[in-house]
Number of protein chains: 4
Amino acid sequence: MLALFSDASVIALALGFEGALARAEAAEGVIPEAMAEIIATASANLVLVPEELAEAAAHAGTLAIPLVKSLRDTVPEDVASFVHFGATSQDVADTVLMCQVKRAISLLAADHGRIVKALGVLAERHAATPAIGRTLLQDALPIGLGLRFAQWLAGIDNAWHRLANESEKNAKIAFGGPAGTRAGFDGKGAAVAKRLAEALNLAVGVPWHGRRTGTAAIGAALGILIGALAKMARDISLLAQNAIGEVREPTIAGRGGSSAMAHKRNPTGCQIALAAAHRAPGLVAAMLASLPAEEERGLGGWQAEGPVLADLFLLASGSIAVMADVAEGLDINEAAIAHNLSAARLGDDIGESQTIVEAILSFHRKE
Amino acid sequence: MLALFSDASVIALALGFEGALARAEAAEGVIPEAMAEIIATASANLVLVPEELAEAAAHAGTLAIPLVKSLRDTVPEDVASFVHFGATSQDVADTVLMCQVKRAISLLAADHGRIVKALGVLAERHAATPAIGRTLLQDALPIGLGLRFAQWLAGIDNAWHRLANESEKNAKIAFGGPAGTRAGFDGKGAAVAKRLAEALNLAVGVPWHGRRTGTAAIGAALGILIGALAKMARDISLLAQNAIGEVREPTIAGRGGSSAMAHKRNPTGCQIALAAAHRAPGLVAAMLASLPAEEERGLGGWQAEGPVLADLFLLASGSIAVMADVAEGLDINEAAIAHNLSAARLGDDIGESQTIVEAILSFHRKE
Amino acid sequence: MLALFSDASVIALALGFEGALARAEAAEGVIPEAMAEIIATASANLVLVPEELAEAAAHAGTLAIPLVKSLRDTVPEDVASFVHFGATSQDVADTVLMCQVKRAISLLAADHGRIVKALGVLAERHAATPAIGRTLLQDALPIGLGLRFAQWLAGIDNAWHRLANESEKNAKIAFGGPAGTRAGFDGKGAAVAKRLAEALNLAVGVPWHGRRTGTAAIGAALGILIGALAKMARDISLLAQNAIGEVREPTIAGRGGSSAMAHKRNPTGCQIALAAAHRAPGLVAAMLASLPAEEERGLGGWQAEGPVLADLFLLASGSIAVMADVAEGLDINEAAIAHNLSAARLGDDIGESQTIVEAILSFHRKE
Amino acid sequence: MLALFSDASVIALALGFEGALARAEAAEGVIPEAMAEIIATASANLVLVPEELAEAAAHAGTLAIPLVKSLRDTVPEDVASFVHFGATSQDVADTVLMCQVKRAISLLAADHGRIVKALGVLAERHAATPAIGRTLLQDALPIGLGLRFAQWLAGIDNAWHRLANESEKNAKIAFGGPAGTRAGFDGKGAAVAKRLAEALNLAVGVPWHGRRTGTAAIGAALGILIGALAKMARDISLLAQNAIGEVREPTIAGRGGSSAMAHKRNPTGCQIALAAAHRAPGLVAAMLASLPAEEERGLGGWQAEGPVLADLFLLASGSIAVMADVAEGLDINEAAIAHNLSAARLGDDIGESQTIVEAILSFHRKE
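Residues numbered from 1 in each chain as written. Chains lettered and ligands numbered in written order. Predicted model: local features only at pLDDT ≥ 70, side-chain atom pairs only at ≥ 80, totals over all residues. Heavy atoms only, no water.

**Things to note about the packing of aromatic side chains**
- Tallied over the entire structure, the rule returns 20 aromatic pairs over all chains.
- When the ring of Phe5 of chain B is compared with that of Phe313 of chain B, the centres are 5.6 Å apart and the planes differ by 20°; the resulting orientation is stacked. Here the residue Phe5 of chain B occupies a position in the segment before helix H1 (7-27), and Phe313 of chain B occupies one in helix H11 (residues 302-329), the gap between them amounting to 308 residues. Of the two residues, Phe5 of chain B and Phe313 of chain B, neither departs from the other in class, the shared state being buried.
- When the centroid spacing of 5.3 Å and the interplanar angle of 65° are considered together, the rings of Phe149 of chain C and Trp152 of chain C count as edge-to-face. With Phe149 of chain C and Trp152 of chain C both in helix H7 (residues 145-170), this residue pair falls 3 residues apart, about one helical turn.
- The rings of Phe82, Phe85, Phe175 and Phe185 of chain A are connected pair by pair, giving a single aromatic cluster. (Phe/Tyr/Trp six-rings, centres within 6.5 Å; stacked < 30°, edge-to-face > 60°. Helix = DSSP H or I, 4+ residues; strand = E, 2+ residues; numbered from the N terminus. Buried < 20%, exposed > 50% of the residue type's maximum accessible area, 1.4 Å probe, protein only.)

Have a look at this one:
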């Protein structure tokens, strides 16, 4: 995930955009075929130093300016004007971002699968095991232990489907040209857009430079996923308190130790997920703050979205990976569970816990 | 909307929950039919002073405690124990909130319809009118004026469908009992839940006390809607600057004046929508912050959600009503538009603006 | 605090502004003395229906317009033009807000005094009592129990002094007139401002319509105070878990019960403080979002600040009152503390806990 | 600033902490002098690969664990146990953060000086130049042009002094050991702390592991500074609109161009400052969210602060540098200002603009 959101990756995706754009334009007769091939080849072969380009982009206020300039400098003079033809900086920036979104979702999917599978097994296995349920941080009434796991699963899976759905709907190319009108294509802009989207494996749509609902929705969905993972982490860290001891994170070499206390086994996976959830709400707030963009393409809003969305994906990625490990290796202490239940003196009636677990599992299997 | 989220409304909905619960339980044989009728009648007739109950609720930390106590006090002693049978405070609080969500969406729908209709007409009418497009607050290239209106519509409508969808999926009753296990119903909890949901016109689902993805998603969708409305407001306030003068809010008696400057015509509708968008991101952040709830029912998180979601609905409501007025009466100065276009000396090629407008309108008509 | 931020209070303070303004202007010869007395008397006697005015203000986009109109309607025609002379809506709104800030701080001060005193006593009394310290939610090493209380005190008191200091520096009248230039006073604007500030018991300063650092800083200081109170609440709610049982909130009639579980004693005071801390960060974010105000007086930013700052004060007020009660009546279970310490098998060396407690107490006594 | 917050810098500062700690402990007789010298020398010479250590830290959940291990591995076996003696991971992490804070403030100071000087000159020079003032994005009344510049200066300087003051007060070493009690030093912990603070050029204080008011306050002050800079950027970007044209950013080679429109001169400096202000409120919200830390050292909160505070400093740094350039080279078009003033037909009475400018400048010179 770090690699996907690195400067090097952004450059590679941006060059990929320029190459695919030239070919799409040539296929529709907007620019000469031969020129397009030269541009596409140059894009594929151009080597740029990420640090240098990042600095130039920071100075220029956008990556596209120095990148397009570099690309133009490497092709023959008569080809240069066909580079980036009809496009604008934001077309590149937004399309690159959406390529990253789509790939990032794929990267998350594997860990999501792991976590859902592991929690499903735990929920089923322990559906009927009585444990004391706690509300407002006080002992309340017994629950089926598996209900707790099923609820984690339900929250995470709900959040996952929202994210996948928003990504599916909104991971579109951005291709509108300077004012979002697709000017200069002799009416072939929509056709070029279609080809470009196919080449980049993104959905096609009308230009959306000043309309940021899609990026905001993806950001919000990520925030919800991070929160759902942190719900599981919150519970595990509480249940792992020494006086409770019902579950613990699995022992993973080099994790959870203390620099000063050899006896400690810290809930470090939970810490990572909880730290992510401390940061996510503010990052989502930043995504929403860019919605009231100025006119055809705004000033300061969409330019802030890239790094914020990257942070959200990195946090989600770190969190889901670590919680998948925790789910797969969760260390359950049935004796402590039984002891705490009995200490609460509230009986062992787990109500319809099992039915609820089954309902949750069956719903999520269908999805 | 203010009435819907008032203390009086919360009390009425909470009493409605208790009455419907008693009847649903009686229908499944969980409590005696006669007792249920007494409770339902008492719920329907009980008059509580909102200020007093609000104070008692603030003191007790939840509305349900003093409300259930009042209800128990009004029924015969042998009926009292069947009041609120098997339910918990949070069942009441969350169900009331979801009743409010569902009704609030209906209230918003009318204004949403107005705004979409008005912007659709404007977009179509002005699709081919050239105007200067502006990016990064600088003149960029010409656009079809209608494209601007179509983009507003696309953003607002996209946000609306997300909100309606999240509400549809998540406006469920909360009914799990103290630890979310539906204990004490002899296995009839799910059936009671089904009846209760029907009576309250909400969807049914498994208990979700500690799983806050649904409320978070509704909150985020509201924040995106508020932002999409503010996008329209941002543009109008910029286009209404004296030196630009392309559009103005309609004249509405008592609005837009200045306490000190008789010559001014302030963009007061836009102000309302923009002020809402200043507040919404932080409110959404608060909704997300409650996701990592503690154990079966959390401490401090879900209790914070009610007032925050109410604020979001109130802001959305104020914003959409005022922007619907603005859309319906938008004062368009074609001479100023032509003048500004010509002053920019960038020609009048509006590219594929018309095609894009048509694509947007046709997509949103289908939805 | 609710009364202070009610519509009725805002109206009273706004009328107080208009009366004091008239007299300050008369004292400097800007308007005739006799007119000023009529205006001041009318301001003092005018009865406005809060609901009606609130509606008119919502419609007009500012309270000042309907309020000034009402006031002008009640005075003779030749006096009317001297009402609100030289002032602008935002002068009224911002000055009223700062009057509220100043009074709100006074209201908080009493509870702050209570909490600091109670925690100071606890810290001193238990400085040498060994208890197990916990880090990352795991038993770590022993601490002096009083150190925990002293740390709560240190955080709350630090936050309090920041808030008091920001209020002291920034609770200034707003008085700049329509464009913030104090036009129309023949050079006597600064003198009028000085008199007005004295009458309203606020500091004087240059106009600050478009410069929102003061309100942002007060908002941030409130957010930090709410967070510091929630730190204490977090700890108490954790220490009150059944398996730990080291402290509990005091028993307060009607608080902490459960609608369904008679055996429960919920940490309801902590819940209130923690719920406040769930909302505060987003509210502070909203205050900061209004900093980049447009030109001489912005659109949508400062208009959003009033309700947000009111929310922050209400949350702080609810939180500090309840935590003062908790501090004063904290129920400490020394047997449980000793038991947990011994169960941890980590000895009883509390290091320099006592010295640290003394250092904290001595620092905060000096302040 | 990027270098200061890089992994390499964190490692260097952390090793500096370990070396200084050893020497401070030796000076107080806590560990043998000879051992301390070996550790200090090893700390100074140890070369760690930032990428490797970052990965190990991410895995372990804290940097201190792999760093201390590496350091122990490089010293003789009998010295190893004196490395990091009595300290805890969070001592290292928080102290490193505060070293960064202090240095970061120094880095910002130079640009702050530039901006204040440049705006002071502009404010004085143009104090009496009439320009149209604008409120709610509409022409309002004339102002002295210099008043606008003075207000920018007042906001930025106010924010700067808050930040400097919070840094002064809170940039303290963290030194409390595992449970914040300074255990294991035979009563010499406070003396060691004093020496350590001197060596690291930070203030000394009692342990603050679980008390996050200081970091929250620094974060909030940064957010306010970023907002105050964005206020200036907002105004310049509005005044630079083609139809207004009163000011423009200076021409800087490679900045402000457009990838597609050669005629454009984009307000790229303002874009950077405005983008920063889109992100800052949410980052401050994240800082505040960590206040309710759990017990002696929390789980997930303080661990999230480091990257958030780094982001805030990086945004502040980028913003202040670019706005200092803009202030120094601001391109003022007096003809356009006169034209817009005359077009507004609102006269040229600038009220007491000059007096207000003088008051602002004299106040800020004193500070």
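**Here's the deal with the interface of chain A and chain B**
- With 72 residues of chain A at the contact, the number on the chain B side is 73 residues.
- Taking both sides of the interface into account, the surface hidden between chain A and chain B amounts to around 5,700 Å²; carbon and sulfur atoms contribute 62%.
- Inspection of the chain A/chain B interface yields 4 salt bridges.
- With its nearest N and O atoms 2.7 Å apart, the salt bridge here joins Arg162 of chain A to Glu166 of chain B.
- Where chain A packs against chain B, one counts 28 residue pairs in polar contact (both at pLDDT 80 or more).
- Listing elements by their share of the side of chain A that touches chain B, those giving two or more residues are strand S1 (130-135), strand S2 (138-144), helix H7 (145-170), helix H8 (189-200), helix H9 (213-239), helix H10 (268-289) and helix H13 (353-366) of chain A.
- Considering each element in turn, the side of chain A that touches chain B owes the most residues, 14 residues, to H9 of chain A.
- Taken together, the residues that form the side of chain A that touches chain B break down as 37 nonpolar, 19 polar and 16 charged. (Contact = heavy atoms within 4.5 Å. Buried area = accessible area lost by both parts, 1.4 Å probe. Salt bridge = Lys/Arg side-chain N within 4 Å of Asp/Glu carboxyl O. Polar contact = N/O pair within 3.5 Å; in protein donor to acceptor, adjacent residues only side chain to side chain. Nonpolar A, V, L, I, M, F, W, Y, C, P; charged D, E, K, R; others polar.)

**Some words on the relation of the copies chain A and chain B**
- Between the two copies, chain A and chain B, the superposition gives an RMSD of 0.0 Å; the rotation angle is 180° and the shift along the axis is 0.0 Å. Both copies of the chain, as the preceding transformation shows, are related through a two-fold rotation axis.
- Here 100% of the contact residues of chain A are again contact residues in chain B; the copies associate through an equivalent surface. (Least-squares fit on C-alpha atoms with pLDDT ≥ 70 in both.)

**Remarks on the domain arrangement of chain A**
Residue and element names in this part refer to chain A.
- Per the domain assignment, the segments making up chain A are domain 1 (1-85 + 173-206) and domain 2 (101-171 + 208-367).
- Interface of domain 1 and domain 2: buried area, both sides summed, is about 1,400 Å²; carbon and sulfur atoms make up 67% of it.
- Three residues, Met1, Leu4 and Phe5, lead the burial of domain 1 against domain 2; their summed loss comes to 40% of the area buried on that side.
- Summed over the shared surface of domain 1 and domain 2, the result is 0 salt bridges.
- On inspection of domain 1 and its partner domain 2, the count reaches 5 residue pairs in polar contact (both at pLDDT 80 or more).
- Among the residues making up the side of domain 1 that touches domain 2, the classes are represented as 12 nonpolar, 4 polar and no charged. (Domains from an automatic or database assignment.)

**Topic: unusual backbone geometry**
- Despite not being glycine, Leu136 of chain A shows a phi value in the positive range, around 50°.
- For Asp186 of chain B, which is not a glycine, the phi torsion comes out positive at approximately 55°.
- For Asp186 of chain B, the location among the structural elements is in the loop between helix H7 (145-170) and helix H8 (189-200).
- Exposure remark for Asp186 of chain B: the relative accessible area of 75% places this residue in the exposed category.

**Re the pattern of salt bridges**
- On inspection of all chains with the given rule, the structure shows 76 salt bridges over all chains.
- One salt bridge connects Arg148 of chain B with Glu296 of chain A, and the closest N-O pair in it is separated by 2.8 Å. Highlighted residues: Arg148 of chain B in helix H7 and Glu296 of chain A in the loop between H10 and helix H11 (302-329), drawn from two different chains. A single burial state applies to Arg148 of chain B and to Glu296 of chain A, both of which are buried.
- Glu28 of chain B is the salt-bridge partner of Arg195 of chain B, the closest N and O atoms lying 2.6 Å from each other. Taken together, the residues span a long stretch of sequence, with Arg195 of chain B in helix H8 and Glu28 of chain B in the loop between H1 and helix H2 (33-45) at a distance of 167 residues.
- Taken together, the shared-partner salt bridges in this structure form one network comprising Arg134, Asp139, Arg148 and Glu246 of chain A together with Glu296 of chain B.

**Some words on the packing of helix H10 (residues 268-289) of chain D against helix H11 (residues 302-329) of chain D**
Residues and elements named next belong to chain D.
- As a packed pair, H10 and H11 sit with axes 9 Å apart at the nearest point and diverge in direction by 155°. Relative to H11, the element H10 lies roughly antiparallel. Relative to H11, H10 is oriented so that their crossing is left-handed. Here Gly269, Cys270, Ile272, Ala273, Ala276, Arg279, Ala280, Leu283, Val284, Ala286 and Met287 of H10 lie close against H11, whose contacting residues are Glu305, Val308, Leu309, Asp311, Leu312, Leu315, Gly318, Ser319, Val322 and Met323.
- For the contact of H10 with H11, the class distribution of residues is 15 nonpolar, 3 polar and 3 charged. (Axes fitted to C-alpha atoms, helices over the stretch in contact; angles between N-to-C directions. Parallel < 35°, antiparallel > 145°, perpendicular 65-115°, else oblique. Left-handed = near helix turned anticlockwise from the far one by under 90°.)

**Re helix H6 (residues 89-125) of chain C**
- Look at H6 of chain C: 54 Å from first C-alpha to last across 37 residues, which is about the 54 Å you get at 1.5 Å a residue.
- Along H6 of chain C, the largest kink reaches about 30° and is centred on Ala109 of chain C. (Expected span 1.5 Å × (residues − 1). Bend = angle between axes of the 7 residues up to and from the residue.)

**With respect to the environment of Ile31 of chain A**
Residue and element names in this part refer to chain A.
- Among the secondary structure elements, Ile31 is positioned in the loop between helix H1 (7-27) and helix H2 (33-45).
- Sequence separation between Ile31 and Phe185 is 154 residues; the distance between their C-alpha atoms is 9.3 Å.
- Here Ile31 is in contact with Ala22, Glu25, Ala26, Ala36, Ile39, Phe82 and Phe85, once residues within four sequence places are set aside.

**Some points on the side chain of Glu249 of chain B**
Residue and element names in this part refer to chain B.
- Looking at the secondary structure, you find Glu249 in the loop between strand S3 (247-248) and helix H10 (268-289).
- Buried charge Glu249 goes without a salt bridge, the closest partner of opposite sign being Arg255 at 5.7 Å.
- At 3.3 Å, the side chain of Glu249 and the backbone nitrogen of Thr268 are in polar contact.
- A distance of 2.7 Å separates a polar side-chain atom of Glu249 from the backbone nitrogen of Cys270.
- Non-local contacts of Glu249, meaning those with residues more than four positions away in its chain, are made with Ile236, Arg265, Asn266, Pro267, Thr268, Gly269, Cys270, Val326 and Asp331. (Lys, Arg positive; Asp, Glu negative; His and termini not counted.)

**Digging into the relation of the copies chain D and chain A**
- Here chain D sits on chain A after a turn of 180° about the axis and a move of 0.0 Å along it, with an RMSD of 0.0 Å.
- Interface residue correspondence from chain D to chain A reaches 100%, placing this contact among same-surface, isologous pairings.

**Observations regarding the environment of Gly351 of chain B**
- The residue Gly351 of chain B is located in the loop between helix H12 (334-344) and helix H13 (353-366) in this model.
- Sequence separation between Gly351 of chain B and Ala14 of chain B is 337 residues, and the spatial gap between their C-alpha atoms is 57 Å.
- Among residues more than four places away in sequence, those in contact with Gly351 of chain B are Thr181, Arg182 and Ala183 of chain A.

**Observations regarding the interface of chain D and chain A**
- On the side of chain A, 46 residues touch chain D, which itself brings 46 residues to the contact.
- Of all residues in chain D, the largest losses of buried area upon contact with chain A belong to Ser259, His278 and Leu299 of chain D, amounting jointly to 21% of the total for that side.
- Where chain D touches chain A, the interface holds 2 salt bridges.
- Linking Arg234 of chain A and Glu294 of chain D is a salt bridge whose minimum nitrogen-to-oxygen distance equals 3.6 Å.
- In this assembly, chain D and chain A are joined by 12 residue pairs in polar contact (both at pLDDT 80 or more).
- In terms of residue count, H10 of chain D provides more of the side of chain D that touches chain A than any other element does, 11 residues in total.

**A few points about the packing of H1 of chain A against H8 of chain A**
Residue and element names in this part refer to chain A.
- It is at 9 Å that the axes of H1 and H8 come closest, and there the two elements cross at 135°. By the angle between their axes, H1 is oblique relative to H8. Judged by the sense of rotation from one axis to the other, the crossing of H1 with H8 is right-handed. Every residue of H8 that contacts H1 at Gly16, Phe17, Ala20, Leu21, Ala24, Glu25 and Ala27 is listed here: Val192, Arg195, Leu196, Ala199 and Leu200.
- In terms of residue class, the contact of H1 with H8 is made up of 9 nonpolar, 1 polar and 2 charged.

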